[in-house]
Amino acid sequence: MVSSNGGSSIICEKCPENMSGVTQDGWNCITCPKGLTSEGKCKCLNNEILVERSIDGILLNEALCMHCNGSEQSFSASDASGNRCVRCEQTFINVSKSCDCSSPNILTGGLCFSASDSLPPKGVATVRFGQLGITLTSAWFLKNLQSSASACWLYSNLTACQALGNMCVMNMNSLSSSSTDACGLFQYIYVNTARLGIVHSIAFWRHNLPWLYYGDQPGLASQVLEANHFPTIFSFKGTDKDVKLQFIAASFDAAGNFLKWQNLEGGILQLCPDTQTKLSAAYAFGTTYQQSCKISVSKILLDFANPIFYDLFLEYNGDNGQQYLWAVPVLNLNLQYSEMFVNQGSNMNNWLLTRRFFLVDTLSGKENDLGKLPRVIRIASKITISIRLVSHTQRGTIYPPLLTIAYTDVLVQNPETQSVMVSFSVSYEMNQSEAQIQTDITLGVLGGLAVLWSLLKTAGWKRRTGSSIIDLQTVLKFLLFYAGDLANVFFVITVGTGIYWLVFFKAQQFVSVLLPLPSQEEDFVTYIACAFSLKALQFLQLLVSQLAIDIFFIDWERPKGKVLKAVEGEGVIKSAAAPVSIWRTYFIANEWNEIQTVRKINPLFQVLAVLFFLEVVGFSNLALMDSSSSLTRGSESYIAPWSRILRFGVSAALWLAIAFLQIIFFSVFYERFVEDKISQFVDLCCMSNISVFLLSHSCFGYYIHGRSVHGHADTNMEEMNINLKREAENLCSQRGLLPNTDGQTFQISISRKMRLHYDRIHETLTRKRGPARLLDSSANTFEQSTRAYNTMNKFLSSFIDHVHKEMDYIVKDKLLLERILGMEFMEPIEKSIFYNDEGHSFSDVLYYGNETTLLIFDVLFFSIVDLASQSFVLAAILTYLQQEIFRFIRNTLGQKNLASKTLVDERFLI
């Protein structure tokens, strides 16, 4: 090289034949007496150093190869680069009194051992990659295993012992009684160096050796993890020391050299890149942390060319204020003990805990040349730090943390296209067995009460159907009742559980409870699924029963005078009673049709309000698995994973709270001062001179007495206003069924004889479904239906007027117990019974009277969709859609049933 200014351009010339070598710096030519290297530079024999310049820096014409004096006077040998003589390794001097390790002495790994020394067994320099089914001879092990073991054994060399321990860790700490691999050699030295004593009073930590195992036999894990409590109290709100896990790691390189102490904050153990704030959030106490990503093999090879080994500790302050370290045990899922993966089971007594671990091993998989790419690399693909709360603690006491690590073996073929999925997580758990027992007890007790309540409902249903025989229908009805009641039991338990965890976990300062793990939430999710399935069954049964009620509008209006009417076919005109207008009946039918799906709450407002509080106000943040009870999160802060229990607790609590406020508003203010559709319907019946006769069961139903106190309602506006004024001034009788009473609504329990008579007329009434086919039905059919309608109207009005003594009725109040149980004790054998009903319980055949069932079904539907999709927005949209769909079904089919049962033409129902 003639010219180079550090840029991209250089000038070179060929050396002459008599000086064919190039100096080490490349600027000059020189004669090489002992040949050239592949790069064209001079080379020397072993234990010789190359000299190209004199002591004052003048370039020699011919390079010199100077022999290093290995005799006792100097004990020198050439260094690894062959540039200078240095003192030879101490083991050479100790064994041969020179820098030569000739036979019968043993040279291994750059160290010299005497043949007379008691060396450890011959090591097996193989590494097993079990996931790939590959066992290869490692170049690193081949070079360093035996020497490290021998130096550790003979001289208690600290670096050699650390290097041996690292090779055991690269072999997954696996132990086998018949193997002399790295772990076998380590165990051999460990067992035979008991005389050296222990470190820091830790029985498993031998002096001069790294601490790799908590004993070499499985079964000690439970003692290590549960015998002692970690001596620090943690809280959710306090000083930095109380709310953060202060993890510290001692790091070593593969050769056994100690590197440094380092805090884990900043992503030391997290292979996935992220901001410092989000990486450090992993160690905030109480924050469940999850991070995962896919990393290319080429990046791993670039960033982790040399493996780093870690011993993990948790820092704490003693009573005297001095800082101490608590060793954190490691559960290596890839560890094999006698060819068995003992750490992959759930039985803690079979675990074999270790201490040291690494993130990436790109060293042991190199077969022949340490300078080439490895054939196989091993990556810590899943790291989990588990924090367990001590049972019944009130002050945030935990057991020692556990680091669980799983490695993935990757066969390197094309690093640029290959990638591996890695994850890091911190989980918090506590013993949930007591909570599970309490839940099971509650479920058993409430489930038993639900059976009794369902039996009472079935008995009441049998009384209302007028049957005393226990048949298959009775059993099915009991199961339907029980399904609804059991759904309520599951709902109460799940809502109570969700609100309990929400309040007690988020509001605590000193930690006494921790959220269940996702695997521990499975029973809770199952309860919600059961509640939804059973409630859906009850809701569908309710829908079917409401679409099958018997209803008839009794028109009390009587003809006014007579009219002349031509008799068809006879050609004569006769006088006849003036016809009564049907428009009042159509009007009442339309009003009834409108209130069929009226609810005590506004469903659209309910959905929008819940969604507003969850997504806009930020109540959804309360469902995150962290210690914060704030409704807002910063854009740069870490967002913890969702808790399914908290999501249900927050959404259910909001849904019920908003619904409760709606019910209070509508019942106390809106219905009293603006509009009460149910009470207005009763008033409208009275003003229209029409009563409503409802039968929800064979022998049970409701009666709305709408007989006008003015005798007639088919009148003009002036007379109507006069009638209203007289009623306001109490110049007429009261509206009640009984004289001098206001009671217009009744629950009715009719006799069997009355029901049979009703059915005979009703059969004729509905035989051809009346006006729905007026255009294409015969005149005889129309006349038959009209006569049946008039007959039913006359029969029911005469029944109300006590005309039929053999089918009479009495009016009475229900007993308090009857009201509570929702059943009737008296059986209407001879006379029917009308029970005074001031609560308008006829709404039980409408949506209005079943708000509880509808509300619970909506909550469970919303929750099921949210748990499946983890999206409150989607849950809200689908919940509103299902409300509208079922409302449309209820309206459409209810309208058809109304037209069928009352002979009101469906075309007039709008």
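In short, a report on the structure. (Residues numbered from 1 in each chain as written. Predicted model: local features only at pLDDT ≥ 70, side-chain atom pairs only at ≥ 80, totals over all residues. Heavy atoms only, no water.)

### As for empty space enclosed by the protein
Convention followed: The pocket and cavity definitions rest on a 1 Å grid over protein atoms only: a 1.4 Å probe that fits but cannot leave marks a cavity, an open set with protein on both sides within 12 Å along at least five of seven lines marks a pocket, and residues lining either have an atom within 4 Å of a point. Grid points are joined across faces, edges and corners, and a volume is the space filled by probe spheres set on the points. Helical segments are the DSSP runs of H or I of at least four residues, strand segments are the runs of E of at least two, and each set is numbered from the N terminus. Nonpolar residues are Ala, Val, Leu, Ile, Met, Phe, Trp, Tyr, Cys and Pro. Charged residues are Asp, Glu, Lys and Arg, and all others, Gly as well, are polar.
One pass over the structure, following the stated rule, counts eight cavities of 30 Å³ or more. Roughly 110 Å³ of internal volume is contained in the largest cavity. Lining the largest cavity are Phe539, Arg599, Pro603, Tyr847, Leu854, Phe857, Asp858, Gln882, Gln883, Glu884, Phe886 and Arg887. Looking at the lining of the largest cavity, the elements with two or more residues in it are α20 (851–869) and α21 (872–902). Broken down by class, the residue content of the lining of the largest cavity amounts to six nonpolar, two polar and four charged. Of the volumes computed, that of the second largest cavity is approximately 60 Å³. As for the second largest cavity, its lining consists of Phe186, Gln187, Tyr190, Phe204, Pro210, Leu212, Tyr213, Gly215 and Asp216. Element by element, the count of residues in the lining of the second largest cavity is highest for helix α4 (residues 182–191), at three residues. For the lining of the second largest cavity, the residue count by class is six nonpolar, two polar and one charged.

### Details of the environment of cysteine 101
In plain terms, the rule: Each residue is assigned to one of three classes by its accessible area relative to the maximum for its type, calculated with a 1.4 Å probe on protein chains only: buried under 20%, partly exposed between the two thresholds, exposed over 50%. Only heavy atoms enter the contact rule, under which two residues are in contact if any of them lie within 4.5 Å.
Considering the arrangement of structural elements, one finds cysteine 101 in the loop between α1 (90–96) and β9 (106–108). The exposure class of cysteine 101 is buried, given its relative accessible area of 13%. Taking the C-alpha atoms as reference points, cysteine 101 and valine 682, separated by 581 residues in sequence, lie 115 Å from one another. Those residues within four positions of cysteine 101 in sequence are excluded, and the remaining contacts are Phe92, Ile106, Leu107, Cys112 and Phe113.

### Thoughts on unusual backbone geometry
A positive phi angle is found at asparagine 740, which is not glycine, with a value near 60°. Within the element layout of this structure, asparagine 740 appears in the loop between α16 (717–728) and β31 (745–749). Phi is positive for glutamine 870, which is not a glycine, with a value near 55°. Tracing the backbone through its elements, the reader meets glutamine 870 in the loop between α20 and α21. Here glutamine 870 falls in the partly exposed class, since its relative accessible area comes to 33%.

### Description of helix α9 (residues 433–465)
Think of an α-helix as turning once every 3.6 residues; residues three or four places apart then point the same way. This is how the line gets drawn: By this rule, a helix spans an expected 1.5 Å times one less than how many residues it contains.
The first and last C-alpha atoms of α9 sit 46 Å apart over 33 residues, in line with the 48 Å expected at 1.5 Å per residue. Listed in full, the buried residues belonging to α9 are Thr439, Leu443, Gly447, Ala450, Ser454, Thr458, Gly460, Trp461, Lys462, Arg464 and Thr465. Phi turns positive, to about 75°, at glycine 466, one or two residues after α9.

### Overview of the packing of helix α12 (residues 583–595) against helix α15 (residues 677–688)
Using the following cut-off: For every element, the axis is a line fit to its C-alpha atoms; helices are fit only across the contacting stretch, and the angle between N-to-C directions ranges from 0 to 180 degrees. With respect to orientation, any angle under 35 degrees is reported as roughly parallel, any angle over 145 as roughly antiparallel, any angle of 65 to 115 as roughly perpendicular, and every other angle as oblique.
Between α12 and α15, the shortest axis-to-axis distance is 11 Å and the interhelical angle comes to 170°. Regarding the angle of α12 to α15, the classification is roughly antiparallel. Contact residues: α12 offers Arg584, Phe587, Ile588, Glu591, Trp592 and Ile595, while α15 offers Lys677, Ile678, Phe681, Leu684, Cys685 and Ser688. Its residues assigned to classes, the contact of α12 with α15 comprises eight nonpolar, one polar and three charged.

### A word on the sheet that holds β31
Quick reminder of the rule: At least two bridges found by DSSP between two strands are what make those strands a pair.
Taken together, six strands build an open sheet; the order of strands is β26-β29-β30-β31-β33-β32 and the sheet is mixed. Pairing within the sheet leaves two strands with one partner each, and these edge strands are β26 (550–555) and β32 (809–812). Each strand axis lies, on average, 20° off the axis of its neighbour in the sheet, ignoring direction. Judged from the four bridges that link them, β32 and strand β33 (residues 832–836) form a sheet pairing that is parallel. Within β33, the position partnered with isoleucine 810 by the bridge is isoleucine 833. Across the sheet, α12 touches β26 and β29 (690–695), and the angle it forms with β26 is around 145°. This element, α15, spans β29, β30 (700–704) and β31 of the sheet and lies at about 125° to β29.

### Some remarks on the nonpolar core
Note the following rule: By nonpolar core we mean a set of buried residues, namely Ala, Val, Leu, Ile, Met, Phe, Trp, Tyr and Cys, connected to one another through side-chain atoms within 4.5 Å.
Core analysis: the largest hydrophobic core is formed by 149 residues, its most contacted members being Phe141, Leu245, Phe247, Phe285, Phe357, Ile379 and Phe424. With ten residues, the single largest contributor to this core is α20. If near-sequence neighbours (up to four positions away) are discounted, leucine 245 is found in contact with Phe234, Tyr283, Phe285, Leu314, Ile387 and Tyr428. Judged by nonpolar contacts, the second largest core, of 27 residues, contains Ile678, Leu694, Phe842 and Leu909.

### Quick word on the side chain of glutamine 538
Our working rule: Pairs of N or O atoms within 3.5 Å make up the polar contacts considered here, provided that, within protein, one atom can donate a hydrogen while the other can accept it, and that residues adjacent in sequence are counted only when both atoms are side-chain atoms.
Structurally, glutamine 538 can be placed in helix α11 (residues 522–546). Classification of glutamine 538 by relative accessible area gives buried; the value is 16%. A polar atom in the side chain of glutamine 538 sits 2.6 Å from the side chain of lysine 535. Ignoring sequence-local partners within four residues, the contact set of glutamine 538 consists of Gly484 and Thr853.

### Here's the deal with the pattern of salt bridges
Applied cut-off: The working definition used for a salt bridge is a side-chain nitrogen of Lys or Arg within 4 Å of a carboxyl oxygen of Asp or Glu.
Considering all chains together, one arrives at 28 salt bridges under this definition. A salt bridge links glutamate 339 to arginine 128; the nearest nitrogen and oxygen atoms lie 2.9 Å apart. Placement of the pair is glutamate 339 in the loop between β20 (330–332) and β21 (356–358) and arginine 128 in strand β11 (residues 126–129), with a sequence separation of 211 residues. A salt bridge links arginine 644 to glutamate 522; the shortest N-O distance between them is 3.0 Å. With arginine 644 in helix α14 (residues 644–673) and glutamate 522 in helix α11, this residue pair connects regions lying 122 residues apart in the sequence. Salt bridges linked by common partners bring Asp550, Arg755, Asp759 and Lys901 together as one network.

### Examining the packing of aromatic side chains
The description of an aromatic ring pair uses the distance of the two centres, along with the angle that the planes make with each other. Note the following rule: Pairing of aromatic rings covers Phe, Tyr and Trp, the last through its six-membered ring, and needs centres within 6.5 Å; plane angles under 30 degrees mean stacked, over 60 mean edge-to-face, and all others mean tilted.
For the structure on display, the rule yields 58 aromatic pairs. Seen in terms of ring centroids, tryptophan 583 and phenylalanine 908 are 5.7 Å apart; in terms of plane orientation they differ by 85°. Their pairing is edge-to-face. Within this pair, whereas tryptophan 583 is found in helix α12, its partner phenylalanine 908 is found in the segment after α21, the two being separated by 325 residues in sequence. On the basis of relative accessible area, phenylalanine 908 is assigned to the partly exposed category, the value being 32%. On the basis of an interplanar angle of 20° and a centroid distance of 4.4 Å, the ring pair of tyrosine 586 and phenylalanine 908 is categorised as stacked. With tyrosine 586 in helix α12 and phenylalanine 908 in the segment after α21, the pair connects residues that are 322 residues apart, well separated along the chain.

### Here we look at the environment of threonine 902
Looking at the element boundaries, threonine 902 is found in helix α21. For the pair threonine 902 and isoleucine 554, spaced 348 residues apart in the sequence, the C-alpha separation amounts to 9.5 Å. Setting aside chain neighbours within four positions, we find threonine 902 in contact with Ile551, Phe552, Phe553 and Tyr789. Here the side chain of threonine 902 touches leucine 898 through a polar contact of 2.5 Å, landing on its backbone oxygen.

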